[in-house]
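Each chain, letter by letter, is given below.
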Amino acid sequence: MSLNAAPQWDFSSDAGKRNYDRALRLYPGQVVVDLAALQSNMETLVTAATSSVGKTEVMGVIKADGYGHGALAAALAALAGGATWLGSAQAREALMVRRAGIGPERCRMLVWMYNAHSAPIEELIAHDIDISVGSLADIHGVVRAADALGRPARIHVEVETGFGRNGFTESCFDQALAVLKDAAARGSVQVVGLWSHFAVADMPLVKEFVESTDRQIAVFEEFTARMRRAGFEPEIRHLANTAATLTRPDVHYELVRPGIGLYGYEPDPAMGDCTMYGLKPAMTVQAQLGTIKDLPAGHGISYGRTYLTQSATSSAIMPLGYGDGIHRSASGFDSAGATGRTHLGGPVRLMTKQGPKLVRVSGRVCMDQCVLDLHAMASDLGVQEGDTVVLFGPGRGEEFAEPTADDWARSAETISYEIFTCLRNRIPRLYLHAPQVLSADDLSLLDPASIL
Ligand SMILES: *Cc1c(COP(=O)(O)O)cnc(C)c1O
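What you see is a predicted model; the values in this text were computed from it and never measured.

Reading guide: rules and limits
- Residues numbered from 1 in each chain as written.
- Predicted model: local features only at pLDDT ≥ 70, side-chain atom pairs only at ≥ 80, totals over all residues.
- Heavy atoms only, no water.
- Salt bridge = Lys/Arg side-chain N within 4 Å of Asp/Glu carboxyl O.
- Helix = DSSP H or I, 4+ residues; strand = E, 2+ residues; numbered from the N terminus.
- Buried < 20%, exposed > 50% of the residue type's maximum accessible area, 1.4 Å probe, protein only.
- Near = heavy atom within 4 Å.
- Polar contact = N/O pair within 3.5 Å; in protein donor to acceptor, adjacent residues only side chain to side chain.
- Areas by Shrake-Rupley, 256 points an atom, 1.4 Å probe, with all protein chains shown as cover.
- Contact = heavy atoms within 4.5 Å.
- 1 Å grid on protein atoms, 1.4 Å probe; cavity = no way out; pocket = protein on both sides within 12 Å on 5 of 7 lines; lining within 4 Å.
- Points joined across faces, edges and corners; volume = space filled by probe spheres on them.
- Core = buried A, V, L, I, M, F, W, Y, C linked by side-chain atoms within 4.5 Å.
- Right-handed = clockwise from strand over helix to strand, strands pointing away.
- Axes fitted to C-alpha atoms, helices over the stretch in contact; angles between N-to-C directions.
- Parallel < 35°, antiparallel > 145°, perpendicular 65-115°, else oblique.
- Left-handed = near helix turned anticlockwise from the far one by under 90°.
- Nonpolar A, V, L, I, M, F, W, Y, C, P; charged D, E, K, R; others polar.
- Phe/Tyr/Trp six-rings, centres within 6.5 Å; stacked < 30°, edge-to-face > 60°.

Colleague: I'd like to hear about the pattern of salt bridges, residue by residue, with values.
Modeller: Counted by the stated rule, this structure contains 21 salt bridges. Across the pair Lys 17 and Asp 21 runs a salt bridge, and its minimum N-O distance is 2.9 Å. Taken as a pair, Lys 17 and Asp 21 lie in helix α1 (residues 14-26) at a separation of four residues, close to a single helical turn. Taking relative accessible area as the criterion, Lys 17 reaches 35% and is therefore assigned partly exposed. A salt bridge links Asp 368 to Arg 426, with the nearest nitrogen and oxygen atoms 2.8 Å apart. Within this pair, whereas Asp 368 is found in the loop between β14 (355-361) and β15 (370-373), its partner Arg 426 is found in the loop between α13 (416-421) and β17 (429-432), the two being separated by 58 residues in sequence. Here Asp 368 falls in the partly exposed class, since its relative accessible area comes to 35%. Judged by its relative accessible area of 37%, Arg 426 falls in the partly exposed class.

Take a look at the structure:
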């Protein structure tokens, strides 16, 4: 009997259990996404957005393949949770969702990252996807595509309020407005939205950052006024990411664009943890152990000898590596190792005869695997090859010793966003609670083998 550090998965049917067993044969690691958590997180965000004055709609951001959770499943769960918009940076995810049959009657969509020379703008317009414009080249490209198609493009004008990424600057806005006025008069575009993006809204406790966010808001208001003076009434104004959706009801406007909150994480641990906001991480990453063996004290582990065992111990292979998107920066070093430097490797939850135990990646992360120092003898722990371990999951409280993506982010010196989005698609994505959350029609859009 192998030990299992993952939750007892709540399979929806015998077929779900068979899909799970099949996934374990296909690959020794799995990403399990709880669609009920995604739905509930969206409901929480919708509640946060509607508590403000006026009617604010919520866009589920599904860029980067739904932050690595699977863009279609994330989109469907977001809609089930009350989102009326979906957004992605690249055209790819938005077109995929429309082609799956999620039409404009179900949700509006927005795409904001493309180059106007080679992007499939005609397809975006034909699929009734709104398009952001943030440069004159964008406007020209969208007008060209709309004219070729004989159908106006719905556009959202992005403005530079201090983020320093995309969008019209204050100095070129008059020219942009003139070009837009002409394009709108000729019926090539319909200007429906005005928007911008925050740089530091995830640091609500840092005074300078709050002031910087306030300045961005003031600049946005100024852009709004200039747009109105030019004869455009932006029906849909949007500024708020997850951080501002949760903490700045004053800038919800007509639409908010939460991403990370949908997936159950707070944007920055400086905001506290997700439970403070009623959010629940949807993703669990688990793997089945490979070789387990006993090593003497002072034995090097993995490339570069950055980790030497401190005493006689057992090691176990965790069969996911940087080729799966496990950050090499989450390698474990100890002071006895070649660098003389200590660095805590990524945490992994094991189940043992004595209960759950947290161990860490020891030595360098390899391409297809990592080594775990069990800091005990495997025979005493009852740990065997094939046991399921958990890299991260919803957290499930102190007593479970279950790491979250924030713990991996800390080890890898990055943010939770990068932990999920780096996970390669060779790790199967499996969906929990899909039949409870999705209608039969929506359910039929997912790969049947992915439904637990
Ligand atoms: C990614 C992104 C969001 C969502 O940000 P979160 O911090 O994940 O909530 C919103 N708007 C734009 C333009 C984005 O690129």
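Colleague: Just give me the short version of the site of the ligand, but keep the residues and values in it.
Modeller: The local shell around the ligand holds 13 residues, among which Lys 63, Tyr 67, Thr 242, Ile 260 and Tyr 417 are the closest. Thr 242 has a polar side-chain atom sitting 2.5 Å from an oxygen atom of the ligand. Between an oxygen atom of the ligand and a main-chain N or O atom of Gly 259, the distance comes to 2.8 Å. For the ligand, the protein covers 95% of the area, taking 380 Å² as the surface of the free molecule.

Colleague: Could you give an account of the side chain of Asp 324, with specific residues and numbers?
Modeller: Note on placement: Asp 324 falls in the loop between β12 (313-318) and β13 (347-352). Of the residues examined, Asp 324 reaches a relative accessible area of 0% and is grouped as buried. When sequence neighbours within four positions are dropped, the list of residues in contact with Asp 324 reads Tyr 27, Pro 319, Met 367, Asp 368, Cys 422, Leu 423, Arg 424, Arg 426 and Ile 427.

Colleague: Provide a residue-level description of empty space enclosed by the protein, including the pertinent values.
Modeller: The full count for this structure, using the stated rule, is one cavity of 30 Å³ or more. Quantified by volume, the largest cavity comes out at close to 60 Å³. Lining the largest cavity, in full, are Val 285, Gly 325, Ile 326, His 327, Leu 391, Phe 392, Trp 408, Ile 419 and Leu 423.

Colleague: Break down the nonpolar core for me, citing the residues and quoting the values.
Modeller: When a protein is soluble and globular, its nonpolar side chains tend to lie buried together. In this structure, Leu 35, Val 157, Leu 391 and Phe 392 are the most contacted members of the largest nonpolar core, which totals 131 residues. Top contributing element to this core by residue count: helix α4 (residues 71-80), with nine residues. Val 157 has contacts with Val 133, Phe 168, Phe 173, Leu 180, Val 191, Gly 193, Leu 194, Trp 195 and Met 227, leaving out every residue within four places of it along the chain.

Colleague: So what's going on with the pairing of strand β7 (residues 189-195)? Residues and values would help.
Modeller: For β7, the buried fraction is high: six of the seven residues fall into the buried class. Handedness of the crossover is the feature at issue here: the chain leaves strand β6 (residues 153-158), passes through helix α8 (residues 173-185), returns alongside β7, and the resulting connection is right-handed.

Colleague: Account for the packing of α4 against helix α5 (residues 91-99), naming residues and giving values.
Modeller: Two numbers describe how α4 lies on α5: the axes approach to 10 Å, and their chain directions differ by 65°. In terms of orientation, α4 lies roughly perpendicular with respect to α5. For the crossing formed where α4 meets α5, the hand is right-handed. The residues of α5 that touch α4, namely those facing Ala 71, Leu 72 and Ala 75, are Glu 93, Met 96 and Val 97. The class makeup of the residues in the contact of α4 with α5 is five nonpolar, no polar and one charged.

Colleague: Residue-level account of helix α12 (residues 405-412), with values.
Modeller: Of all eight residues in α12, six are buried, a share of seventy percent or more. Taken together, the buried positions of α12 are occupied by Ala 405, Asp 406, Trp 408, Ala 409, Ser 411 and Ala 412. Contacts made by the buried residues of α12 are with β13, β14, β16 (388-392) and α13.

Colleague: Residue-level account of the packing of aromatic side chains, with values.
Modeller: Tallied over the full model, the rule gives nine aromatic pairs. Of the aromatic side chains, those joined through ring pairs into one cluster are Tyr 67, Tyr 263 and Tyr 417.

Colleague: Would you mind going over the environment of Met 351 in detail, with residue names and values included?
Modeller: Among the structural elements, Met 351 can be located in strand β13. When the C-alpha positions of Met 351 and Ser 2 are compared, they lie 9.4 Å apart, and in sequence the two are 349 residues distant. With sequence-adjacent residues up to four places away left out, Met 351 is seen in contact with Leu 3, Asn 4, Ala 5, Pro 356 and Val 383.

Colleague: Would you mind going over the environment of Glu 221 in detail, with residue names and values included?
Modeller: Structurally, the position occupied by Glu 221 is in helix α9 (residues 207-229). Considered as a pair, Glu 221 and Thr 161 are 60 residues apart in the sequence and their alpha carbons are 9.6 Å apart.

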